[in-house]
Amino acid sequence: MIKFTLPDFYYFHTINDKFINLSRSHTNWLLDKNIAFSYIRGTFPYNIWNGGLNNMVGDTLLYPNIELIIKQSNLPLWLDFSNILLEKSDFYDVMSNIILKLLPNNYIFEISNLDLLNYINNKFPNLKYVISKNANILYPLTPDIINNFHQNLNPLYIIIPNEFKTSQQYLNEINNKENIVIPVNNLCNPECKNYFQCPIVENNNILNYTFEPTFCNCKNSINNKQYITIKEIKDIYIPMGITNFLIDYFSNNENEYGLFLINYFIKPEFKEYAFQELFIRR
């Protein structure tokens, strides 16, 4: 199977819900019969542990709705707790700990900070976790380090940084290929001069409840159209034993994301029907 994780369970809830239902009821519309959807990644607003796009917009009455959102999800959630700037005092953030208490055991979380991992493991030892590609800024994710993490830390997955995901030499040196995740799309171009600086500024804005986005203001980076196709996955990655793929943070535009899902996953002859399912039918 080719297993995909979709982005933004909170901000793209409506489109994700419709698309997952579409994929289940119209399996013949998908480009490949072996495509499956495993998780929806994302974060709740105002969560300072978040390491993705700035999440300081959302329902101010969120707390009563967190449990409902979790229960109503079509797929298990993948919580992004990968902020690289967290200090130990941030581990006691009230909202983040409430979320952890509500998570079923089949949900997972993503981290960059190994001290945060120890904190969560001590409180919630049954939860499984993913090592973020953001960790590459803290502990360069060479194949040797990835192999060491797999052997000694036992993560469910490790996300490969975008700058290495097309290097067959790099990927061949990783032992547990079934436990790595390849990002399909690049929110940031690895050749951009802000490639490493943008996540740091973004994570700092989240940590300090600053509303201004950074990726969305970077003309060199946002909505980079480069992505790995289904054909490339079948021709290159599946023969290597790599089966897990991630639609990375996309943009703040739900309609643009929905069009991406149609163009990426749906056969040409069914795209018009898929468009009606996602955007017209209620």
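(A) Representation of helix α6 (residues 143-152) within the structure. All of the buried residues along α6 are Pro143, Ile146, Asn147, Phe149 and His150. When α6 is viewed along its axis, its buried side chains cluster within an angular range of 160 degrees and face the same direction. Facing away from the buried surface of α6 by more than 90 degrees, the exposed residues are Asp144, Gln151 and Asn152.

(B) Inspection of the pattern of salt bridges at higher detail. Scanning the entire structure with this criterion turns up 6 salt bridges. Note that Lys133 and Asp248 form a salt bridge whose closest N and O atoms lie 2.6 Å from each other. Residue Lys133 is located in the loop between β5 (128-131) and α5 (135-138), and its partner Asp248 is located in the loop between β8 (244-246) and α10 (254-265); the two are separated by 115 residues in the primary sequence. For the residue pair Lys133 and Asp248, the accessibility class agrees, reading buried in each case. Three or more residues are tied together by salt bridges with common partners; here these are Arg41, Asp80, Glu110, Lys133 and Asp248.

(C) Looking closely at α10. Between the first and last C-alpha of α10 there are 16 Å, a value that for 12 residues agrees with the 16 Å anticipated at 1.5 Å per step. Here α10 has its buried residues at Tyr257, Gly258, Phe260, Leu261, Ile262, Tyr264 and Phe265. Residues of α10 that are buried in the fold lie against β1 (2-6), α1 (13-25), β2 (35-42), α9 (230-240) and α11 (271-280). By the N-cap criterion, in which a side-chain oxygen at the helix start approaches the backbone nitrogen of a residue two or three places on, α10 is capped by Asn253, the distance to Asn255 being 3.0 Å.

(D) Broad picture of the side chain of Asn113. Residue placement: Asn113 occurs in the loop between β4 (108-111) and α4 (114-123). Here Leu86 takes part through its backbone oxygen, which lies 3.2 Å from a polar atom of the side chain of Asn113. Look past the residues within four positions of Asn113 in its chain and what remains in contact with it is Leu86, Phe91 and Tyr139.

(E) Region of interest: the packing of α1 against α10. At a minimum axis separation of 9 Å, α1 and α10 run at an interaxial angle of 25 degrees. It follows from the interaxial angle that α1 and α10 lie roughly parallel. With respect to the hand of their crossing, α1 and α10 are arranged in right-handed fashion. Between α1 and α10, the residues in contact are His13, Thr14, Ile15, Asn16 and Phe19 and Glu254, Tyr257, Gly258, Leu261 and Phe265, respectively. Of the residues belonging to the contact of α1 with α10, the class tally is 5 nonpolar, 4 polar and 1 charged.

(F) Empty space enclosed by the protein, seen in detail. Enumeration over the complete set of coordinates arrives at 3 cavities of 30 Å³ or more. Here the second largest cavity defines a volume of roughly 90 Å³. Lining the second largest cavity we find Phe9, His13, Asn16, Asp17, Ile20, Ile40, Ile69, Gln72, Ser73, Asn74 and Leu77. If you list the elements that add at least two residues to the lining of the second largest cavity, you get α1 and α2 (66-72). The element that contributes the greatest number of residues to the lining of the second largest cavity is α1, accounting for 4 residues. Of the residues in the lining of the second largest cavity, the class split is 5 nonpolar, 5 polar and 1 charged.

(G) Up close: the packing of α10 against α11. Interaxial distance between α10 and α11 falls to 10 Å at its minimum, and their mutual angle equals 150 degrees. The angle between α10 and α11 places the two elements in the roughly antiparallel class. Two packed elements cross with a definite hand, and for α10 against α11 that hand is right-handed. Contact with α10, carried on its side by Asn255, Gly258, Leu259, Ile262 and Asn263, involves Lys271, Ala274, Phe275, Leu278 and Phe279 of α11 and no other residues of that element. Each residue belonging to the contact of α10 with α11 can be placed in one class, and the counts come to 6 nonpolar, 3 polar and 1 charged.

(H) Spotlight on the nonpolar core. Ranked by size, the top nonpolar core spans 77 residues in total, and within it Phe4, Phe44, Phe81, Ile120, Leu171 and Phe265 carry the most contacts. It is α10 that contributes the most residues to this core, 6 residues altogether. Each residue touching Ile120, except ones within four places of it in the same chain, is listed here: Trp49, Phe81, Leu100, Phe109, Ile111 and Pro125. Judged by nonpolar contacts, the second largest core, of 8 residues, contains Tyr39, Tyr157, Ile159 and Val181.

(I) Seen up close, the layout of surface pockets. The computed volume of the largest pocket comes to approximately 220 Å³. What lines the largest pocket is a set of 16 residues, and nearest its centre among them are Tyr11, Leu53, Asn54, Asn55 and Asn252. Per-class residue counts for the lining of the largest pocket are 9 nonpolar, 5 polar and 2 charged.

(J) Spatial organisation of the packing of aromatic side chains. Applying the stated criterion across every chain, the model contains 30 aromatic pairs. Plain terms: the ring middles of Phe12 and Tyr257 are 4.4 Å apart, the flat faces sit at 15 degrees to each other, and that makes the pair stacked. With Phe12 in the loop between β1 and α1 and Tyr257 in helix α10, the pair connects residues that are 245 residues apart, well separated along the chain. Look at Phe12 and you get buried, because its relative accessible area is 1%. Judged by relative accessible area, which is 0%, Tyr257 ranks as buried. Taking the centre distance of 6.4 Å and the plane angle of 10 degrees together, the rings of Trp78 and Tyr157 count as stacked.

The rules behind each value
Residues numbered from 1 in each chain as written. Predicted model: local features only at pLDDT ≥ 70, side-chain atom pairs only at ≥ 80, totals over all residues. Heavy atoms only, no water. Buried < 20%, exposed > 50% of the residue type's maximum accessible area, 1.4 Å probe, protein only. Helix = DSSP H or I, 4+ residues; strand = E, 2+ residues; numbered from the N terminus. Arc of directions from axis to C-beta. Salt bridge = Lys/Arg side-chain N within 4 Å of Asp/Glu carboxyl O. Expected span 1.5 Å × (residues − 1). Contact = heavy atoms within 4.5 Å. Polar contact = N/O pair within 3.5 Å; in protein donor to acceptor, adjacent residues only side chain to side chain. Axes fitted to C-alpha atoms, helices over the stretch in contact; angles between N-to-C directions. Parallel < 35°, antiparallel > 145°, perpendicular 65-115°, else oblique. Left-handed = near helix turned anticlockwise from the far one by under 90°. Nonpolar A, V, L, I, M, F, W, Y, C, P; charged D, E, K, R; others polar. 1 Å grid on protein atoms, 1.4 Å probe; cavity = no way out; pocket = protein on both sides within 12 Å on 5 of 7 lines; lining within 4 Å. Points joined across faces, edges and corners; volume = space filled by probe spheres on them. Core = buried A, V, L, I, M, F, W, Y, C linked by side-chain atoms within 4.5 Å. Phe/Tyr/Trp six-rings, centres within 6.5 Å; stacked < 30°, edge-to-face > 60°.

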